[in-house]
Amino acid sequence: MNSIDNISYIFSESNVFWLNVAISFIMFGVALGLTLDDFKRVFKQPKQLIAGLASQLLFLPLITVVLVYIFKPQPSVALGMILIAVCPGGNISNFMSSMAHANVALSVSLTLVTSSLAVIFTPLGLTFYGSLYEPSQELLRKISLSVPDVLATIFFIIVFPMLIGMLVRYFQKGLALKLEKVLKNVSMIIFLVIVILAVASNFDSFITYIPAVMGLVIIHNFCAFLGGNLIARFFSLDAASRKTLTIETGIQNSGLALALIFTFFNGLGGMTLVAAAWGVWHIIAGLSVASFLGRNVKKSIE
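A brief structural summary. Small disclaimer: the values here were computed from a predicted structure and weren't measured. For every chain, the first residue of the written sequence is number 1, and numbering continues from 1 along that sequence. For a predicted model such as this one, the threshold for reporting local features is a pLDDT of at least 70, and the threshold for listing and counting side-chain atom pairs is 80 or more; totals across whole chains, interfaces and linings nevertheless cover every residue. The basis for every side-chain value is the complete set of non-hydrogen atoms in the structure, without hydrogens or water.

1. Notes on the packing of helix α3 (residues 46-71) against helix α4 (residues 75-86)
Thinking step 1. Inter-axis angles, ranging from 0 to 180 degrees, are taken between N-to-C directions of lines fitted to C-alpha atoms, where helices are fitted over the stretch in contact. Put simply, DSSP marks the helices as runs of H or I at least four residues long and the strands as runs of E at least two long, and each gets a number from the N terminus on. Direction vectors running N to C along α3 and α4 enclose 165°, while the axes themselves pass 8 Å from each other. Between α3 and α4, the angle is such that the two are roughly antiparallel. Relative to α4, α3 is oriented so that their crossing is right-handed. Across from Gln-56, Leu-60, Pro-61, Thr-64, Leu-67 and Val-68 in α3, the residues of α4 making contact are Ala-78, Met-81, Ile-82, Ala-85 and Val-86.
Thinking step 2. Partitioned by chemical class, the residues of the contact of α3 with α4 number nine nonpolar, two polar and no charged. Convention used here: angles under 35 degrees read as roughly parallel, angles over 145 as roughly antiparallel, angles from 65 to 115 as roughly perpendicular, and any remaining angle as oblique. Handedness of a helix crossing follows the sense of rotation of the near helix relative to the far helix, less than a right angle counterclockwise being left-handed and clockwise being right-handed. Residues are treated as being in contact if the distance between any of their heavy atoms lies within 4.5 Å. Put simply, Ala, Val, Leu, Ile, Met, Phe, Trp, Tyr, Cys and Pro go in the nonpolar bin, Asp, Glu, Lys and Arg in the charged bin, and everything else, Gly too, in the polar bin.

Shown next, in the form of structure tokens:
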């Protein structure tokens, strides 16, 4: 069997283009629900924002590096794990926070802030944390990743559509509310289609190699959920906000990760497998966690 590091998954330029369009569409939908009050609410309670950023921007990348050193996966798998960790929170976390009766305003705000910071943090975080593990550092050196190119790509598929969505909400609130209802229902379907397209294009190879990364993805995701909860407790956040940080840290924008992998890493085997596996698994795990947390609220009310 060939090394995962020697495999490149095929995703046509056309598919990569539509992948980027789909992610932009999702982020536009997220921004339609944002108002100035969302920002004011977060900055009135900066401790929640600081806790959320500490969990997503510091804890998750660091625990990822620890897991990489413990399990010593192949370099492309390690780099895929690190890329997932430095991507912003996924938009479906907002839906899951609502399911869990969590602090939805905090969830939306954290998605906005981490998505905006991704323009700088994702490329720099990937190069920094990737360099902490020698095999992945060597892989990065061979690829010669262009940080400005990654920065520009993230801006145009994440930040720009969010700015447009917020402008629509500000100037055309009625239209924004109508569009938001539609987009909220289809955003998860769009994301699943993205992952399915990536898998379907290379189905035989995915089936062959996915067992090599699935267990690691599950452990990685579990540590993310658990770490988010522990960080929230460390900052003494209220119960609803603890749920939010748990979900926000466990739900990462793996769609963005796939877009970056196919754009800059030529569909590198281990990275693609990790991003695709995470994309499927974090939905299953996130819905399960949100359902459990939401059920506990109902029981306490009863």
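2. As for the pattern of salt bridges
Thinking step 1. Salt bridge, as applied in this entry: a Lys or Arg side-chain nitrogen positioned within 4 Å of an Asp or Glu carboxyl oxygen. Counting across every chain of the model gives one salt bridge.
Thinking step 2. Its salt-bridge partner being Arg-141, residue Glu-138 comes within 2.4 Å of it at the nearest N-O pair. Pair noted here: Glu-138 and Arg-141 are both in helix α7 (residues 134-143), with a separation of three residues, about one helical turn.
Thinking step 3. The partly exposed category is assigned to Glu-138, whose relative accessible area is 34%. Accessible area is worked out with a 1.4 Å probe on protein chains only. A residue is then buried under 20% of its type maximum, exposed over 50%, and partly exposed in between.

3. Observations regarding helix α13 (residues 254-264)
Thinking step 1. Of all 11 residues in α13, 10 are buried, a share of seventy percent or more.
Thinking step 2. At the exit of α13 stands Asn-266, carrying a positive phi of roughly 55°.

4. Examining the packing of aromatic side chains
Thinking step 1. Between 30 and 60 degrees the pair is tilted, below 30 it is stacked and above 60 it is edge-to-face, where a pair is any two Phe, Tyr or Trp rings, Trp via its six-membered ring, whose centres lie within 6.5 Å. This model, assessed by the stated rule, comprises seven aromatic pairs.
Thinking step 2. Seen in terms of ring centroids, Tyr-69 and Tyr-133 are 5.4 Å apart; in terms of plane orientation they differ by 80°. Their pairing is edge-to-face. Placement of the pair is Tyr-69 in helix α3 and Tyr-133 in the loop between α6 (104-130) and α7, with a sequence separation of 64 residues.
Thinking step 3. The exposure class of Tyr-69 is partly exposed, given its relative accessible area of 39%.
Thinking step 4. According to the relative accessible area criterion, Tyr-133 is buried, its value standing at 7%.

5. Some words on the environment of Val-108
Thinking step 1. Locating Val-108 in the fold gives a position in helix α6.
Thinking step 2. Between the C-alpha atom of Val-108 and that of Val-30, which follows or precedes it by 78 residues, the distance is 7.9 Å.
Thinking step 3. With residues near it in sequence (within four places) discarded, Val-108 still touches Leu-34 and Asn-94.

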